[in-house]
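One letter stands for each residue in the lines below.
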Amino acid sequence: MVIRERTPVDDRAIRSLNDTAFGGADESRLIEDLRAAGLGAVELVAVDPSVAGHILFSALDVAVGGKPVRALALAPMAVQPHRQRQGIGGALLRAGLQRAREHGWQAVIVLGHQDYYPRFGFSAALAHPLEAPFSGASFMALELEPGVLQGGAGHVVYPPAFSL
Ligand SMILES: CC(C)(COP(=O)(O)OP(=O)(O)OC[C@H]1O[C@@H](n2cnc3c(N)ncnc32)[C@H](O)[C@@H]1OP(=O)(O)O)[C@@H](O)C(=O)NCCC(=O)NCCS
């Protein structure tokens, strides 16, 4: 399996993968809207030999203690149903976080399975103080730069692509 950056040639396969994994077109629409808005920051595919997994991180408006934080939303990520539980999602997530760190991103926010993301370091407690349209155990954050989400009141504003 190869993990590499998405190219436009992958887009049909990415759409089909997301429609299958989520059972609908909402996530494909989100991906396309985020790209069209120029917010896509890290987008990877797992190829084996066709597209078996996909992950997108997009720029998100976050500030803590009055200072902007270079933050990303992780959404969506998907693995072909017959290829799930083989480590593909984890490999994509780790590679994406590594790339985000290398590009100077400071934090990642996710709304997702509360049993899945904590194993990669995401924490609901870290996201809890942030003023956001979400809350609860599924709303999690990860600091790529230690302490960047702490030290004052914070907020998260999602772009219109998320239709909030
Ligand atoms: C979530 C998803 C991307 C994980 O990809 P994956 O390749 O199966 O993940 P990995 O093989 O790296 O990790 C497997 C672990 O994921 C966990 N997992 C998979 N789907 C899960 C779910 N719906 N809820 C909670 N945990 C889940 C399993 O607990 C499994 O761990 P285990 O085998 O120790 O029990 C994949 O299951 C998927 O595409 N699901 C449908 C779309 C989706 O829900 N995307 C995430 C939106 S937040």
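Whatever comes next refers back to the structure up there.
Predicted model, so just to flag it, every value in this text is computed and none were measured. (Residues numbered from 1 in each chain as written. Predicted model: local features only at pLDDT ≥ 70, side-chain atom pairs only at ≥ 80, totals over all residues. Heavy atoms only, no water.)

> Give me the lowdown on helix α2 (residues 26-36), citing residues and values where you can.
If you check which residues of α2 are buried, you get Ser-28, Leu-30, Ile-31, Leu-34 and Arg-35. On an axial view of α2, the arc spanned by its buried residues comes to 160°, and they lie on one face. In α2, those exposed residues whose orientation departs by more than 90 degrees from the buried face are Asp-26 and Ala-36. At its buried positions, α2 is contacted by α1 (11-22), β2 (40-47), β3 (51-64) and β4 (67-79). (Buried < 20%, exposed > 50% of the residue type's maximum accessible area, 1.4 Å probe, protein only. Helix = DSSP H or I, 4+ residues; strand = E, 2+ residues; numbered from the N terminus. Arc of directions from axis to C-beta. Contact = heavy atoms within 4.5 Å.)

> Break down the site of the ligand for me, citing the residues and quoting the values.
The environment of the ligand is formed by 18 residues, the closest being Val-79, Arg-85, Gly-87, Gly-89 and Gly-90. Within the contact set of the ligand, an oxygen atom lies 2.8 Å away from a backbone nitrogen or oxygen of Val-79. Within the side chain of His-113, an N or O atom sits 2.9 Å from an oxygen atom of the ligand. Considering the ligand on its own, with 860 Å² of exposed area, one finds that the protein chains cover 72% of that surface. For the shell around the ligand, the class distribution of residues is nine nonpolar, seven polar and two charged. (Near = heavy atom within 4 Å. Polar contact = N/O pair within 3.5 Å; in protein donor to acceptor, adjacent residues only side chain to side chain. Areas by Shrake-Rupley, 256 points an atom, 1.4 Å probe, with all protein chains shown as cover. Nonpolar A, V, L, I, M, F, W, Y, C, P; charged D, E, K, R; others polar.)

> Talk me through the nonpolar core; I want residue IDs and the actual numbers.
Counting residues in each nonpolar core, the largest one holds 30 residues, and the members touching the most others are Val-62, Val-69 and Leu-149. Only α1, α2, β2, β3, β4, β5 (107-111), α4 (124-127) and β7 (139-143) provide two or more residues apiece to this core. Those residues in contact with Leu-149 that lie beyond four places of it in its chain are Val-62, Val-64, Val-69, Ala-107, Leu-126, Ala-141, Leu-142 and Glu-143. In this structure, Ala-46, Ala-52, Ile-88 and Ala-95 belong to the second largest nonpolar core, which totals 25 residues. (Core = buried A, V, L, I, M, F, W, Y, C linked by side-chain atoms within 4.5 Å.)

> Go over the side chain of Glu-143, please, and point to the residues and values.
Position of Glu-143 relative to the elements: it lies in strand β7. No salt bridge is formed by the buried Glu-143, whose closest oppositely charged neighbour, Arg-101, lies at an N-O distance of 10 Å. Within the local environment of Glu-143, its side chain forms a polar contact with the backbone nitrogen of Gly-147, the two atoms lying 2.8 Å apart. Looking at Glu-143, its side chain comes within polar contact range of the side chain of Gln-150, at 2.7 Å. When sequence neighbours within four positions are dropped, the list of residues in contact with Glu-143 reads Gln-106, Ala-107, Leu-126, Val-148, Leu-149 and Gln-150. (Lys, Arg positive; Asp, Glu negative; His and termini not counted. Salt bridge = Lys/Arg side-chain N within 4 Å of Asp/Glu carboxyl O.)

> Can you break down the pairing of strand β8 (residues 154-157) residue by residue, with the values?
Across a regular strand the side chains alternate sides, sitting on one face of the sheet and then on the other. A one-sided burial pattern is seen for β8, the buried positions being Gly-154 and Val-156 and the unburied ones His-155 and Val-157. Note: β3 against β8, four bridges, orientation antiparallel. Each bridged residue has a counterpart across the sheet, and for Asp-61 the counterpart in β8 is Val-157. Pairing analysis gives two bridges linking strand β6 (residues 130-131) to β8, with the strands arranged parallel. The residue of β8 that forms the bridge with Leu-130 is Gly-154. (Pairing = 2+ DSSP bridges.)

> So what's going on with the packing of aromatic side chains? Residues and values would help.
Applying the stated criterion across every chain, the model contains six aromatic pairs. On the numbers, 5.2 Å between centres and 65° between planes, the contact of Tyr-116 with Phe-120 is edge-to-face. Exposure remark for Tyr-116: the relative accessible area of 22% places this residue in the partly exposed category. Using a relative accessible area of 12% as the deciding quantity, one classes Phe-120 as buried. Ring geometry for Tyr-117 versus Phe-122: centroids 5.8 Å apart, planes at 80°, classification edge-to-face. Each member of the pair, Tyr-117 together with Phe-122, is buried. The aromatic ring of Trp-105 is capped on one face by Arg-70, whose charged end is 4.0 Å from the ring centroid. (Phe/Tyr/Trp six-rings, centres within 6.5 Å; stacked < 30°, edge-to-face > 60°. Lys NZ or Arg CZ within 6 Å of the ring centre and 35° of its normal.)

Structural measurements only, silent on function.
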